[in-house]
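Here are the chains, one letter per residue:
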Amino acid sequence: MANSLKETSIVCTDERYMTPNDVKVYFKTSLVDYHWRYISEYRKQHAKQLVLRDINNHCFSLTLSPAIAQKMQAFAELLKTFSERIDGFLSEAGFLEAFRKESFLPLLKTSCLLEGKDIPELTLKAMLTGMYRENDLEHAPILGHLAFLDSLLDGRAPAFGESLFASLLGKLNGNVELVSFYREKNSRSRFMTNTASEIVEECPWRLIESKMNDLFASVERENIPVIAKAFLVAYFVAYLKPFDSHNDLIASLAAKAYLANQGYGKAMAFLPLENLMRKSDKKKDICDSVQLYSDITYFVCYGIEQMTLALSSLLDVATRTVRLVLDEERNRLTPSDIGPSQESAEKDDERKPEETGSPHEETPPQPVLPKPEETSLPEEKEKRVPEVPTFPAESVGQLALNPPKSPLSDKEIRETARYILETNPNIRKPQALFFASHCTVGSFYTIQDYKKHARCVYETARTSMDNLAKEGFYRKLKFKNKFVYTPIKQGEKA
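Presented here is a report on the structure given in the accompanying data block.

Digging into the pairing of strand β3 (residues 474-479)
The pairing of β3 with strand β4 (residues 482-487) spans six bridges and is antiparallel. Its bridge partner lying in β4, Y474 is registered against P487.

Comments concerning the nonpolar core
Ranked by internal contacts, the top residues of the largest apolar core, which has 130 residues, are F231 and F299. With 14 residues, helix α13 (residues 297-331) is the single largest residue contributor to this core. Ignoring anything within four residues of it in the chain, the contact list for F231 reads F75, L273, L276, F299, V300, G303, I304 and M307.

Topic: the packing of aromatic side chains
Going through the model one piece at a time under the given rule, you end up with 32 aromatic pairs. On the numbers, 6.3 Å between centres and 85° between planes, the contact of F60 with Y235 is edge-to-face. With F60 in strand β2 (residues 59-63) and Y235 in helix α10 (residues 226-240), this pair connects stretches of sequence that are 175 residues apart. Look at Y293 and Y298: their rings are 6.4 Å apart centre to centre, the planes differ by 40°, and that puts the pair in the tilted class. Using a relative accessible area of 37% as the deciding quantity, one classes Y293 as partly exposed.

Points about helix α12 (residues 281-293)
Over its 13 residues, α12 extends 18 Å from the first C-alpha to the last, a length consistent with the 18 Å expected when each residue adds 1.5 Å. Listed in full, the buried residues belonging to α12 are K283, D285, I286, C287, D288, S289, V290 and Q291. If you follow the buried residues of α12, they end up packed against α2 (20-27), β2, α10 and α13. A positive phi of about 50° marks S294, the residue just after α12.

A short note on the packing of helix α9 (residues 208-221) against α10
Following both chains from N to C, one finds α9 and α10 inclined at 175°, their axes separated by 11 Å at the closest point. When the axes of α9 and α10 are compared, the pair comes out roughly antiparallel. Taking contact as the criterion, the partners of K211, M212, L215, S218, V219 and E220 in α9 are, on α10, K229, L232, V233, F236, V237 and L240. By residue class, the composition of the contact of α9 with α10 is eight nonpolar, one polar and three charged.

Thoughts on the side chain of T129
Structurally, T129 can be placed in helix α6 (residues 121-129). Reaching out from T129, the side chain makes a polar contact with the backbone oxygen of A126 at a distance of 3.3 Å. Once residues within four sequence positions are removed from consideration, T129 is found in contact with K101, L408, E412 and T416.

Things to note about the pairing of β4
Within a regular strand, the side chains alternate between the two sheet faces. Burial analysis of β4 places six of its six residues in the buried class, the great majority of the element. Between β3 and β4, which pair antiparallel and follow one another directly, the connecting turn spans two residues, one of which, K480, has a positive phi of 55°.

The rules behind these values
- Counting restarts for each chain: residues are numbered from 1 in the order of the written sequence.
- Side-chain atom pairs in this predicted model are given and counted only at pLDDT of 80 or more, local residue features only at pLDDT of at least 70, and totals for whole chains, interfaces and linings cover all residues.
- The basis for every side-chain value is the complete set of non-hydrogen atoms in the structure, without hydrogens or water.
- Between any two strands, pairing holds if DSSP finds at least two bridges.
- In this description a helix means any DSSP run of H or I spanning at least four residues, a strand means any run of E spanning at least two, and both kinds are numbered starting from the N terminus.
- Buried Ala, Val, Leu, Ile, Met, Phe, Trp, Tyr and Cys residues that are joined via side-chain atoms within 4.5 Å together make up what is termed a nonpolar core.
- Buried residues are those whose accessible area, probed at 1.4 Å on protein chains only, stays under 20% of the maximum for their type, while exposed residues exceed 50% and partly exposed ones sit between those limits.
- Residue contacts are counted whenever heavy atoms from the two residues lie within 4.5 Å of one another.
- To pair, rings of Phe, Tyr and Trp, with the six-membered ring standing in for Trp, must have centres within 6.5 Å; the planes then decide the type, stacked if under 30 degrees apart, edge-to-face if over 60, and tilted in the middle.
- Expected span of a helix: the number of residues minus one, times 1.5 Å.
- Axes here mean lines fitted to C-alpha atoms, for a helix over just the part in contact, with angles spanning 0 to 180 degrees between N-to-C directions.
- We call two directions roughly parallel when the angle between them is under 35 degrees, roughly antiparallel when it is over 145, roughly perpendicular when it lies between 65 and 115, and oblique otherwise.
- The residue classification treats Ala, Val, Leu, Ile, Met, Phe, Trp, Tyr, Cys and Pro as nonpolar and Asp, Glu, Lys and Arg as charged. All others, Gly included, are polar.
- Distance and chemistry together define a polar contact, namely a pair of N or O atoms within 3.5 Å, with one atom able to donate a hydrogen and the other to accept it when in protein, and with adjacent residues in sequence counting only for side-chain atoms on both sides.

Spelled out as structure tokens, the structure:
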């Protein structure tokens, strides 16, 4: 009987770290007190008491039986392998942008869920492609989330501490100057009581600063695996709710930044720790058990289980993305594939604007058009774009006879055009399609490019390009006796 109970304790701890509700399901009865006593005794034999204390001033513990320690080690190795594989794939041209769009979109959808935002998928895709042009403060947390993920990709993960949380809070608030930092009131209907078994919804605001300082000290000093510390950070911040808003998102991003600084690098931007914050019956049972028994092992094992599945899926996506990028590279046409006659014809067509003088005089040979352009059109153009900066002389080398290929795929071009039309009523469909296919930041486009793309007359092309500049898609610059248009980067002002 004793051996049977010991084996049961091992199964309910080492094979899967069961909560009391899990044990009831396992034994198919609600009367599990006898079994739970033996399970608790087994866990205490391998428990490590932490310095960090919960709201009720009980020390957290972490069960480090050989089997659980092996699970943490195996997950750490999997995470390292994932990081190395992603770093290796980054050497393939085009991989980062393609994989970023593929893997970040689900993360942005999760952040919308956590923040209670109903944002269309087209808008989220526009954020990822750099085509976002709205001015909606409701979107600030999602844009801030994306900005922080990109900073991790750039290798700019802030060190774990108060400055990290200040940076996160600032980004998620839309870079608005912070008036206060930690929460200064109790916003929930229930808060700390003197009953140890009470499940609390947030930390009383007067305890927040001291508890956060305890977290910083614990992460620095605790002698436990890095993986356990990362999940401890995610749990503890979500448990305290130290800020007026964005707590779940901040909890997951802080854990990512911590792992990135512990040697796992840029790839941590793709790790979907945000999913651990999603509400579910299982997650509630896990978090309630952590509180009831001051045992962080529940959340650590839950995180390892969820993230192991996610990493396997992400590696499959990364491998598939590399194949697609390589296939596209092999199938891409080169100038020699076009043929000399067609290529020279295109170049001749592109040279025409410079040979015929200024855009005001660049007209077909009909005698009725030059005079109206000289009298009224330049004045009208000045009204639409009052000040036209001069093209910087040091950037002359960036002008090309042939405009660069759009960084977007054909599907993304169509989706971007749809997004522009749905969010900006002043843009017509040909203008939206032109911008979506001529949006390489740092490149310069001409009225002739629009005329050739839309197959329209010069005057339509001119007014269309001016309208795109007026609506904040291009910056209009004067180059010698003509105008060029350069795409405005997402988030910049015209």
